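Here is what each chain is made of, one letter per residue.
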Amino acid sequence: GEAGTGRLRMAVQKKGRLADETFDLLKRCGLSLSQSKNRLYARVQEMPIDILLVRDDDIPALVAGGASDLGIVGGNVFEEERAGGRLGSRVPLVKPLGFSKCRLCIALPKEDTYSQPADLGGMRIATSYPALTEDWLEREGVKGATTVVMNGAHEIAPRLGVADAVCDIVSTGGTLDANGLKVAETIYRSEALLIGGPLEGEAKKVADALQLRIEGVQRSRD
Ligand code: PRT
Ligand code: ZN
């Protein structure tokens, strides 16, 4: 991770739903960034930390592979990578950060009746979270359901006839509602997570100091 530079690396989302609250958290920790958000890196002025600005989907692999010491990413993305077996044997430490909360839900056309997981038997479920969806289906003993991987526009999949149900992130529920869908099951509750480690030496000292500042911010919000 910090090889050569002597600075801790932390990967965060460059732009999107996680980014604003991540930068806000760093600011509340008393940290200021020396470069514009449009660059690949930003330097923290008050601590030896470099912020790597990336797509959220790349954060778990960057941390698991050691290119970044720490990362801030949605639990949905982290757990999907882990469930898909893409993080190897190294399972990074996790600290929930309490923002970017949302739910991963299985949704059905409003006219469908739903009372229990077995009702999903044999269905094709459109999702970008196949590993989490398949794990849940297996845990619930749902028979013959399959996932159809889509990277967007899941909510129109049932109308297109390419799926019978969807499994997607829900916040207000407005998107589902506008597309004639309703929540059948919540399979995962997500929030932003600090991932990383285990670290040693100077990198561990810097990471511990950062965590102390984050805990201070969290306490002041309680
Ligand atoms: O560019 P990059 O790959 O980095 O970003 P991205 O486009 O993949 O992700 P982004 O920025 O949209 O979301 C980042 C993270 O924010 C997600 O992984 C979640 O952890 C979290 N989050 C919180 C959400 C939402 N709320 C959310 N509402 N992610 C997506 N949505 C989508 C949802 O899928 C739905 O289609 O927003 C739409 C509206 O939701 P409703 O229910 O409020 O209508
Ligand atoms: Zn993404």
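Residues numbered from 1 in each chain as written. Chains lettered and ligands numbered in written order. Predicted model: local features only at pLDDT ≥ 70, side-chain atom pairs only at ≥ 80, totals over all residues.

Looking at an unreviewed UniProt entry, one finds the protein named ATP phosphoribosyltransferase and attributed to Parvularcula maris. Comment text from UniProt for the protein, heading Sequence similarities (unreviewed entry), reads "Belongs to the ATP phosphoribosyltransferase family. Long subfamily." Heading Catalytic activity (unreviewed entry) of the UniProt record for the protein holds this comment: "1-(5-phospho-beta-D-ribosyl)-ATP + diphosphate = 5-phospho-alpha-D-ribose 1-diphosphate + ATP". (UniProt positions renumbered as here; feature names shortened; annotations may be inferred.)

## Digging into the environment of Arg 189
Mapped onto the secondary structure, Arg 189 falls in strand 10 (residues 181-190). A residue is classified by how many C-beta atoms lie within 10 Å of it, and Arg 189, with 12 of them, is exposed. Residues Arg 189 and Gly 16, spaced 173 residues apart in sequence, show a C-alpha to C-alpha distance of 19 Å. (Helix = DSSP H or I, 4+ residues; strand = E, 2+ residues; numbered from the N terminus. Buried ≥ 20, exposed ≤ 12 C-beta atoms within 10 Å, placed from the backbone.)

## Notes on the site of ligand 1
Of all residues adjacent to ligand 1, which total 21 residues, the nearest are Gly 16, Gly 74, Ser 171, Thr 172 and Thr 175. Where the shell around ligand 1 is concerned, the elements lending two or more residues are helix 3 (75-83), strand 9 (165-170) and helix 6 (174-178). Residue contributions to the shell around ligand 1 peak at three residues, all from strand 9. Two domains share the shell around ligand 1, each providing at least three of its residues, namely domain 1 (8-100 + 191-221) and domain 2 (102-189). (Near = placed C-beta within 6 Å. Domains from an automatic or database assignment.)

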